[in-house]
Amino acid sequence: MTLRALIVGYGSVSAVHAEALRSISDVELVGVCDVAPERRDAAECELAVPTASTVEDAIRRFAPDVVHVTTPHHEHESVILAALGAGCDVLTEKPISSDLSSADRIVAAAENTKSQSGRSPRVGVCFQNRYNLSAQAMKETVDSRRFGAPLGAVATVAWHRPPEYYTSKPWRGSWATSGGGLLINQAIHTVDLLQWIMGPVVAVRGRVGTDALSEVIEVEDTATLTLTHESGVRSILMATNAAPTNLPVTLDIAMEHGNMRSGTELLMTGDGTPDEVIKERLPSDRAKAYWGSSHIELIRDFYESHEDGETFWIDPNEAMKSLRIVKAAYDGAGGFPHRAARDLDLGNPYLR
Ligand SMILES: NC(=O)c1ccc[n+]([C@@H]2O[C@H](COP(=O)([O-])OP(=O)(O)OC[C@H]3O[C@@H](n4cnc5c(N)ncnc54)[C@H](O)[C@@H]3O)[C@@H](O)[C@H]2O)c1
């Protein structure tokens, strides 16, 4: 049976979804929905599919089995609820939503909705970096205790988002529409990997600030977080969107008898064993290198597991974990923003 796919939101990331759909057999992209007329024109021209301006109209006209949600964060909930209400499966971009109460409503709808046939629609969330070869090897190594218990982790996300990234799509720089900045939009992938590999997070301490782009955005561009895991060990995340270029995300995990470091590849160093290097897959044509190389793997897996009707393993409950951590960091002691009270005075003799 060929499954019918609809993409809602034809902006930056939707090209990766369209590319993935082309590469999967027995799936047909039957339409695109976007509120912006110029984006509908682009979809008609680039993908040769019919378009609609509302999700309700798109579902009625194109009768999709699966709805891909690639809208801004505050526009996830309405699209997901409309799709679930029509009995469609949903594959949504991260984060699950811009705020926790909206995310709770999505979790409840995903759990309680049944289609007319009595089947529960499946909802998957695009945390594609869990499919990275390095992430899977790290998870397997930590879970198996091959090098003993993990002692802690350190991750860095040093990326470059110029002012135009925000001015061209103003939703990205506003609390009301994005629900945050660097942490909820970029570093959430790494937060997700830390909690997935190192275990549930029970405490979050952090500092967030708008250090480079305060003239342009109200959300944060820089953050440091200390996560305490259920086991008692800690993960440190240092992240910024103010780097001069997009550097590879790094993740170091120290274990009792070995270390793992992933960047462009994974290096595993264990006591008494030869070093092991695991190469990462190359990113697809339409993906930006810093998005990682695994979107297509996740989307393919979502479709391949469609027939068995099981819940997708990265479901809304699973996606809540990283959102809760990010929101805890925003709500942490002192509240947001933790900005320098004033620019440092370089005439200050103590700084010379
Ligand atoms: N997984 C990843 O690596 C990754 C990478 C980039 C973006 N994303 C996520 O993808 C989502 C979209 O980000 P983007 O940068 O592509 O955004 P974008 O602004 O480039 O595109 C969003 C599109 O949605 C349309 N839209 C807005 N509201 C709509 C609605 N109610 N119905 C239909 N269309 C609507 C807009 O007109 C726009 O064309 C976000 O959740 C973002 O976090 C994920």
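Note that the structure is a prediction, hence the values are computed from the model and not measured.

1. Considerations on a negative patch on the surface
(1) Moving on: A contiguous patch of negative charge, built from D26, E307, D308 and E310, is present on the exposed surface.
(2) Moving on: By secondary structure assignment, the location of D308 is in the loop between helix 10 (295-304) and helix 11 (316-331).
(3) Moving on: The class of D308 is partly exposed, set by a relative accessible area of 47%.

2. Remarks on the site of the ligand
(1) Moving on: Surveying the vicinity of the ligand reveals 28 residues, the closest of which are D34, H73, K94, K169 and R172.
(2) Moving on: Compared with its free state, where it exposes 860 Å², the ligand has 91% of that area covered by protein.
(3) Moving on: Residue classes in the shell around the ligand are distributed as 10 nonpolar, 11 polar and seven charged.
(4) Moving on: Both of domain 1 (3-126) and domain 2 (129-280 + 288-293 + 324-331) provide at least three residues apiece to the shell around the ligand.

3. Concerning the nonpolar core
(1) Moving on: By size, the foremost hydrophobic cluster in this structure holds 93 residues, and its most contacted members are L183, I197, L237, I253 and Y303.
(2) Moving on: The biggest single contributor to this core is helix 9 (residues 182-198), with 11 residues.
(3) Moving on: When we break this core down by domain, the ones giving at least three residues each are domain 1 (3-126) and domain 2 (129-280 + 288-293 + 324-331).
(4) Moving on: Not counting residues up to four positions away in its chain, the partners in contact with I197 are A135, M138, K139, V142, L251 and I253.
(5) Moving on: By size, the runner-up hydrophobic cluster in this structure holds five residues, among which are Y165, L213, I217 and V219.

4. Some details on the domain arrangement of the protein chain
(1) Moving on: By domain assignment, the protein chain separates into domain 1 (3-126) and domain 2 (129-280 + 288-293 + 324-331).
(2) Moving on: Listed per partner, the contact involves 13 residues of domain 1 and 14 residues of domain 2.
(3) Moving on: Of the roughly 1100 Å² buried where domain 1 meets domain 2, counting both sides, 65% is carbon and sulfur surface.
(4) Moving on: The tally of links from domain 1 across to domain 2 stands at zero salt bridges.
(5) Moving on: The interface formed by domain 1 and domain 2 contains six residue pairs in polar contact (both at pLDDT 80 or more).

5. Regarding the side chain of T70
(1) Moving on: Inspection of the secondary structure puts T70 in the loop between strand 4 (66-69) and helix 4 (76-85).
(2) Moving on: A distance of 2.4 Å separates the side chain of T70 from the backbone oxygen of G9, its partner in a polar contact.
(3) Moving on: Residue contacts for T70: discarding those within four places in its chain leaves I7, V8, G9, V13, S14, H17 and E93.

6. Quick word on the pattern of salt bridges
(1) Moving on: Inspection of every chain in the model, using the stated rule, returns 11 salt bridges.
(2) Moving on: For R60, the salt bridge is made with D57, and the minimal N-O distance between the two is 2.4 Å. Pair noted here: R60 and D57 are both in helix 3 (residues 55-62), with a separation of three residues, about one helical turn.
(3) Moving on: What makes R60 exposed here is its relative accessible area of 63%.
(4) Moving on: Of the charged contacts in the structure, one is a salt bridge between R281 and E297, with a shortest N-O distance of 3.6 Å.

7. Section: the sheet that holds strand 10 (residues 234-240)
(1) Moving on: The mixed open sheet is built from eight strands, whose spatial order is 8-9-10-7-11-12-13-14. Edge positions in the open sheet fall to strand 8 (201-209) and strand 14 (276-279), since each of these has one partner strand only. Within the sheet, the average angular offset between the axes of one strand and its neighbour, ignoring direction, is 10 degrees.
(2) Moving on: Pairing between strand 9 (residues 222-229) and strand 10: seven bridges, direction antiparallel.

Each value, and the rule that gives it
Residues numbered from 1 in each chain as written. Predicted model: local features only at pLDDT ≥ 70, side-chain atom pairs only at ≥ 80, totals over all residues. Heavy atoms only, no water. Patch = residues over 30% accessible without salt bridge, like charges linked within 9 Å, V, L, I, M, F, W, Y side chains within 5 Å. Areas by Shrake-Rupley, 256 points an atom, 1.4 Å probe, with all protein chains shown as cover. Salt bridge = Lys/Arg side-chain N within 4 Å of Asp/Glu carboxyl O. Lys, Arg positive; Asp, Glu negative; His and termini not counted. Charge placed at Lys NZ, Arg CZ, Asp CG, Glu CD. Helix = DSSP H or I, 4+ residues; strand = E, 2+ residues; numbered from the N terminus. Buried < 20%, exposed > 50% of the residue type's maximum accessible area, 1.4 Å probe, protein only. Near = heavy atom within 4 Å. Nonpolar A, V, L, I, M, F, W, Y, C, P; charged D, E, K, R; others polar. Domains from an automatic or database assignment. Core = buried A, V, L, I, M, F, W, Y, C linked by side-chain atoms within 4.5 Å. Contact = heavy atoms within 4.5 Å. Buried area = accessible area lost by both parts, 1.4 Å probe. Polar contact = N/O pair within 3.5 Å; in protein donor to acceptor, adjacent residues only side chain to side chain. Pairing = 2+ DSSP bridges. Axes fitted to C-alpha atoms, helices over the stretch in contact; angles between N-to-C directions.

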